[in-house]
Amino acid sequence: MTDKQNRTLPAQPALCRILDANLDRSREGLRIIEEWCRFGLNSADLAGECKQLRQELAAWHVAELRSARDTPADPGTELTHPQEEQRSSIQQLLEANFCRVEEALRVLEEYGKIYDRNMGAAFKQMRYRVYTLESDLLAYRRYQQLLRSQLYLVTSPRDNLMGVVEAALQGGLTLVQYRDKSSDDGVKLANARQLCELCHRYDALLIVNDRVDLAIAADADGVHLGQQDLPVAEARKLLGPGRIIGCSTTNGEEMQRAVDGGADYIGVGPVYSTPTKPDRQAAGLDYVRYAATKSPIPWFAIGGIDINNLDEVLNAGAQRVAAVRAIMEAEQPTLVTQFFISQLIRMQNLKAQKALHGKS
Ligand SMILES: Cc1ncc(COP(=O)(O)OP(=O)(O)O)c(N)n1
Ligand SMILES: Cc1nc(C(=O)O)sc1CCOP(=O)(O)O
Ligand SMILES: [Mg+2]
């Protein structure tokens, strides 16, 4: 990649060492990200882009730079930050490695300008490609997590909010919505941030009810909007393509509008009348049956669903359900969550078997 005629000054050993170290750093960071794209997300496209970037970096890593390495004399090998020793989630590991790659590319861009006339521009372009990769990966990862979530916990305010949510996460929950209609914004923001951190530790998503601004401020994974909230298409302009948007629907017309507006999933309900949403009339199981045949996007049956009527909702065609009281008010939220998930998986397996044997 580097050509003698593009070289500026004779390369100083220190410059070569800086370039060598940062080429290594960026290639290693990309390799770590690539492994997750390949084995964690099964995304050939994302893994391919990582590999392509690594190969471009390798082409710049010429013998002159590699031979300048002097590891025993490098004081930096002894320096580690405590955060490097601990990774509490895949998300944190990916964030740390993106940060490492982007920093290294910035160093290569700046010092590279002294080494080779083309190096600065080449690494600048690569750095922007890594930013794009980072947002594509995050969006892909969020959407995959949404697809694999069959149970959705919508929270209600309580003293031990974090404790109940954590208990449900321990039962295998992967999707949580922070719903709080009464607290001050400061409290809501603090709770949303804390829930976000908690959910990410369990590799779960955190969606904020109603408020696009709070979702952005808390760096949540998305927002849930009702018919009285901001239209989905307007929220998309504010949130960008990388965050999830859900929308409540009670009939086919609302479903179609949510889909046309670009919602990632819809709420289908209320299936049963519920004290959590006392003013809303039940849409009933008929709308669940309608969604089962007509919804082109993932949907969650919601409203009055508990462990006693779950079977009825699943028999009407639901493959995903959302609940407030059944989990938030449970004596043992972990066990209830496990029960919900086991029944959802049982029904999924039953449907897969029927499909295999050609039965409807
Ligand atoms: C998953 C899910 N579905 C529906 C709703 C209800 O949203 P909305 O109609 O905006 O009512 P509020 O929850 O804001 O009172 C939801 N929150 N989540
Ligand atoms: C928040 C909400 N939205 C609904 C809808 O149909 O849009 S029903 C609902 C409340 C669900 O609470 P519970 O599980 O306690 O019945
Ligand atoms: Mg709402």
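Residues numbered from 1 in each chain as written. Chains lettered and ligands numbered in written order. Predicted model: local features only at pLDDT ≥ 70, side-chain atom pairs only at ≥ 80, totals over all residues. Heavy atoms only, no water.

Asker: Can you help me understand the overall build of the protein chain in this one?
Answerer: The helix and strand inventory of the protein chain stands at 15 helices and eight strands. With respect to the three principal axes, the spread of C-alpha positions in the protein chain is 80 × 50 × 35 Å. Classification of the 360 residues of the protein chain by burial places 46% in the buried group. For the protein chain, restricting intrachain contacts to residue pairs at least 6 apart in sequence, the fraction spanning at least 24 positions comes to 64%. With an accessible surface of roughly 18,100 Å², the protein chain has 50% of that area assigned to carbon and sulfur atoms. (Helix = DSSP H or I, 4+ residues; strand = E, 2+ residues; numbered from the N terminus. Buried < 20%, exposed > 50% of the residue type's maximum accessible area, 1.4 Å probe, protein only. Contact = heavy atoms within 4.5 Å. Areas by Shrake-Rupley, 256 points an atom, 1.4 Å probe, with all protein chains shown as cover.)

Asker: I keep staring at the environment of serine 89 and nothing clicks. Help me out?
Answerer: Structurally, the position occupied by serine 89 is in the loop between helix H4 (82-85) and helix H5 (90-115). Leaving out residues up to four positions away in the same chain, serine 89 has contacts with His200 and Arg201.

Asker: For this particular structure, what's the right way to read the site of ligand 1?
Answerer: Taken together, 14 residues form the shell around ligand 1, and within it Arg179, Lys181, Asp210, Ser248 and Lys277 come nearest. A distance of 2.7 Å is found between an oxygen atom of ligand 1 and a side-chain nitrogen or oxygen belonging to arginine 179. Within the side chain of aspartate 210, a nitrogen or oxygen atom sits 2.9 Å from an oxygen atom of ligand 1. For ligand 1, the accessible surface in isolation is 420 Å², of which the surrounding protein chains cover 94%. A majority-of-atoms criterion places ligand 1 in the second largest pocket. For the shell around ligand 1, the residue count by class is two nonpolar, six polar and six charged. (Near = heavy atom within 4 Å. Polar contact = N/O pair within 3.5 Å; in protein donor to acceptor, adjacent residues only side chain to side chain. 1 Å grid on protein atoms, 1.4 Å probe; cavity = no way out; pocket = protein on both sides within 12 Å on 5 of 7 lines; lining within 4 Å. Sits in = over half its atoms within 2 Å of the grid points. Nonpolar A, V, L, I, M, F, W, Y, C, P; charged D, E, K, R; others polar.)

Asker: Where do I start with the layout of surface pockets in this structure?
Answerer: Empty pockets left among the atoms are what a rolling probe the size of a water molecule brings to light. Computed from the structure, the second largest pocket encloses a volume of approximately 550 Å³. Lining the second largest pocket we find 34 residues, and of these Arg179, Ser248, Lys277, Arg280 and Ile302 sit closest to its centre. Of all elements in the fold, only strand S1 (151-154), strand S5 (244-249), strand S6 (265-268), strand S7 (299-302), strand S8 (321-323) and helix H14 (325-328) reach the threshold of two or more residues within the lining of the second largest pocket. Residue composition of the lining of the second largest pocket, grouped by class: eleven nonpolar, 15 polar and eight charged. (Points joined across faces, edges and corners; volume = space filled by probe spheres on them.)

Asker: When you look at the pattern of salt bridges in this model, what are you seeing that I'm missing?
Answerer: Side-chain pairing between opposite charges can occur once the charged atoms of the two side chains come close. Evaluated as defined, the whole model comprises 21 salt bridges. Aspartate 210 is the partner of lysine 181 in a salt bridge, and the nearest nitrogen-oxygen pair spans 2.5 Å. Highlighted residues: lysine 181 in the loop between strand S2 (175-178) and helix H8 (185-201) and aspartate 210 in the loop between strand S3 (205-209) and helix H9 (212-217), separated in sequence by 29 residues. For arginine 289, the salt bridge goes to aspartate 286, with nearest N and O atoms at 2.8 Å. Of this pair, arginine 289 and aspartate 286 are both found in helix H12 (residues 284-294), three residues apart, which corresponds to roughly one turn of the helix. Owing to a relative accessible area of 58%, aspartate 286 belongs among the exposed residues under this scheme. Through salt bridges with shared partners, one network takes in Glu49, Glu56 and Arg129. (Salt bridge = Lys/Arg side-chain N within 4 Å of Asp/Glu carboxyl O.)

Asker: What's the story with the coordination of the magnesium ion (ligand 3) in this structure? I'm lost.
Answerer: Ideal values differ by geometry: the angle at a metal is 109.5 degrees with four tetrahedral donors, but 90 or 180 degrees with six octahedral donors. Around the magnesium ion (ligand 3), the protein contributes the donor atoms Asp210 (OD) and Asp229 (OD), which lie 1.9 to 2.3 Å from the metal centre. Taken together, the residues span a long stretch of sequence, with aspartate 210 in the loop between S3 and H9 and aspartate 229 in the loop between strand S4 (222-225) and helix H10 (232-239) at a distance of 19 residues. (Donors = N, O, S within 2.8 Å, 3.2 Å for Na, K, Ca; no water.)

Asker: Any chance you could explain the domain arrangement of the protein chain here in plain terms?
Answerer: Segmentation of the protein chain into domains returns domain 1 (13-71 + 83-143) and domain 2 (149-358). Summarising the inter-unit geometry, the C-alpha centres of domain 1 and domain 2 are found 37 Å apart. With seven residues of domain 1 at the interface, the matching set in domain 2 holds twelve residues. Between the two partners, domain 1 and domain 2, sit two salt bridges. Note that arginine 142 and aspartate 221 form a salt bridge whose closest N and O atoms lie 2.8 Å from each other. Inspection of the domain 1/domain 2 interface yields four residue pairs in polar contact (both at pLDDT 80 or more). Looking at which element gives the most residues to the side of domain 1 that touches domain 2, the answer is helix H6 (residues 119-148), with four residues. Across the side of domain 1 that touches domain 2, the residue classes tally to two nonpolar, three polar and two charged. (Domains from an automatic or database assignment.)

Asker: Teacher, can you tell me more about empty space enclosed by the protein here?
Answerer: According to the stated counting rule, one finds one cavity of 30 Å³ or more in the structure shown. Its volume calculated, the largest cavity comes out at about 40 Å³. Forming the boundary of the largest cavity are Gln150, Leu314, Ala318, Gln319, Leu344, Met347, Gln348 and Lys351. If one sorts the elements of the lining of the largest cavity by residue count, helix H15 (residues 333-356) sits on top with four residues. Split into classes, the residues belonging to the lining of the largest cavity amount to four nonpolar, three polar and one charged.

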